[in-house]
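Chain and residue survey
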Amino acid sequence: MDSSSPVGLVGADERVRKGKEETHGTGLRHDFALVDTTTLLPPLLTFSLLCLAATLPLASPTSNPDVALLLTKVKSALQGQRPNVQLATWNASTSLCLWRGLRWATPDGRPLRCDAASSSRNLSLASDPALLLVSIRLPAAALASRLPPDFGAFSALDFVYLAANALTGPVPLELDNAPSLSALNLAGNRLDGDLPTSIWNLYDRVTKLRLHGNALTGAIPAPPEANTTCDRLRVLDLGANRFSGGFPVFLTAFRGLQHLDLGANRLEGPIPEALARMATQQQLQALNVSYNNFSVQLPPTFAGSASRRTPS
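Below: a short report on this structure. (Residues numbered from 1 in each chain as written. Predicted model: local features only at pLDDT ≥ 70, side-chain atom pairs only at ≥ 80, totals over all residues. Heavy atoms only, no water.)

Let's talk about helix H2 (residues 65-79)
Look at H2: 20 Å from first C-alpha to last across 15 residues, which is about the 21 Å you get at 1.5 Å a residue. Among the residues of H2, Asp66, Val67, Ala68, Leu69, Leu70, Val74, Lys75 and Leu78 are the ones counted as buried. Elements in contact with the buried residues of H2: strand E3 (102-105) and strand E4 (132-137). Two or three places before Asp66, at the opening of H2, Asn64 has a side-chain oxygen 2.9 Å from that residue's backbone nitrogen. Within two residues after H2, Gly80 carries a phi angle of roughly 70°, on the positive side. (Helix = DSSP H or I, 4+ residues; strand = E, 2+ residues; numbered from the N terminus. Expected span 1.5 Å × (residues − 1). Buried < 20%, exposed > 50% of the residue type's maximum accessible area, 1.4 Å probe, protein only. Contact = heavy atoms within 4.5 Å. Polar contact = N/O pair within 3.5 Å; in protein donor to acceptor, adjacent residues only side chain to side chain.)

Written out as structure tokens, the structure is:
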């Protein structure tokens, strides 16, 4: 090795230094080059790679699967491109009791107690695998992205209330996978597309379904199984959308339905007499079918009953 060119001295202005090595006994000489690796990546590319790394979701250190799902998928899906004040509380350095809009319980239904002063400092709660997410309540919380399909993966999620936000896209097909969901309120968002038929797979557990004031289109789909009665469903609010087609006659078979709002859509054709029977039998307590394109008025049997009722 040339003693005048030590390996450790590569000057800032001399990016490549040539040296020579002579093989003993052969007289052969080999050129080699020392390269400053800081010049291999252009500054703009290096900056881009750093930005990309900063946007990748971090692996969640928690042993609680519901917490991990919230941090790795649901949070980023709900907040969109801008940080959200409410969702900012969902982080590993904040006690689970202070995560905005969430309620937790044990598998036997006992709610997480957060009234003790120490609860707000207990960071170990997020790692308790026995805690289950039971409700998400974030109305008017400036949520501005697509509705995440991951809600269907929460085994104990009972209540979702995300009204008056700016959520976009279709109603996810995966919602029907939520085994415990009994109330869903997505009113006042910007959801669009067809209402998936799979929404009726919740028939054996959902009691309130509110999708009022979105931009849902197409015909209101019938349940995939004929003669579905949705006995637990009490409130169905599909008003102020863009639904078209005829009156969804299958709704008259929903034996537990008490509040029905189909107003301000693009429905047309006759109104079935069976709807009047629901009113005269004191089943329907509130009905709104106004501001549609129905070809006839309400049946005469509505007189003195549902025709004078207003939706709650």
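Further notes follow.
What about the sheet that holds strand E10 (residues 215-219)?
The strand order across the open sheet formed by six strands is E6-E8-E10-E12-E14-E16, and the pairing between neighbours is parallel. Only two strands of the sheet have a single neighbouring strand rather than two, namely strand E6 (168-169) and strand E16 (293-294). In this structure, E10 lies alongside strand E12 (residues 242-246), joined through three bridges in parallel fashion. Bridge assignment links Thr217 to a residue of E12, and that residue is Arg242. (Pairing = 2+ DSSP bridges.)

As for the side chain of Asn241
Looking at where Asn241 falls in the secondary structure, it is placed in the loop between strand E11 (235-237) and E12. Every residue in contact with Asn241, bar those within four places of it in the chain, is listed here: Leu211, His212, Gly213, Asn214, Ala215, Leu216, Ala264 and Asn265.

Thoughts on unusual backbone geometry
For Ala142, which is not glycine, the phi torsion reads 60° and is therefore positive. Along the chain, Ala142 turns up in the loop between E4 and strand E5 (159-161). According to the relative accessible area criterion, Ala142 is exposed, its value standing at 59%.

Describing the side chain of Asn165
Following the sequence through the fold, Asn165 ends up in the loop between E5 and E6. The class for Asn165 is buried, based on a relative accessible area of 9%. Within the local environment of Asn165, its side chain forms a polar contact with the backbone nitrogen of Ala142, the two atoms lying 3.1 Å apart. There is a polar contact of 3.2 Å between the side chain of Asn165 and the backbone oxygen of Ala163.

So, helix H3 (residues 273-280)
Listed as buried for H3 are Ala274, Leu275, Ala276, Met278 and Ala279. Residues of H3 that are buried sit in contact with strand E13 (259-261) and strand E15 (286-288). Once H3 finishes, Gln282 follows within two positions and takes phi at roughly 65°, a positive value.

As for the nonpolar core
The biggest cluster of nonpolar side chains holds 64 residues, and the ones touching the most others in it are Trp104, Phe151, Leu162 and Leu260. Of all elements in the fold, only H2, E3, E4 and H3 reach the threshold of two or more residues within this core. By residue number, the principal contributor to this core is H2, which donates five residues. Residue contacts for Trp104: discarding those within four places in its chain leaves Asp66, Val67, Leu70, Leu96, Trp99, Pro111, Leu112, Leu131, Leu132, Leu133 and Val134. (Core = buried A, V, L, I, M, F, W, Y, C linked by side-chain atoms within 4.5 Å.)

Let's talk about the environment of Asp108
Examined against the element boundaries, Asp108 turns out to sit in the loop between E3 and E4. Within polar-contact distance, the side chain of Asp108 engages the side chain of Thr106 at 2.3 Å.

Section: the packing of aromatic side chains
Given two aromatic rings, one states the distance between the centres and the angle between the planes to describe the pair. Applying the stated rule across the entire model yields six aromatic pairs. Where Trp200 meets Phe254, the ring centres are 5.4 Å apart and the plane angle is 70°; that geometry is what we call edge-to-face. Separated by 54 residues along the polypeptide, Trp200 in the loop between strand E8 (190-194) and strand E9 (208-210) and Phe254 in the loop between E12 and E13 bring together distant segments of the chain. Each member of the pair, Trp200 together with Phe254, is buried. In textbook terms, an aromatic cluster arises when at least three aromatic residues are bridged by ring pairs, as seen for Trp200, Phe250 and Phe254. The ring of Phe159 has Arg137 lying over it, and the distance from NZ or CZ to the ring centre is 4.1 Å. (Phe/Tyr/Trp six-rings, centres within 6.5 Å; stacked < 30°, edge-to-face > 60°. Lys NZ or Arg CZ within 6 Å of the ring centre and 35° of its normal.)

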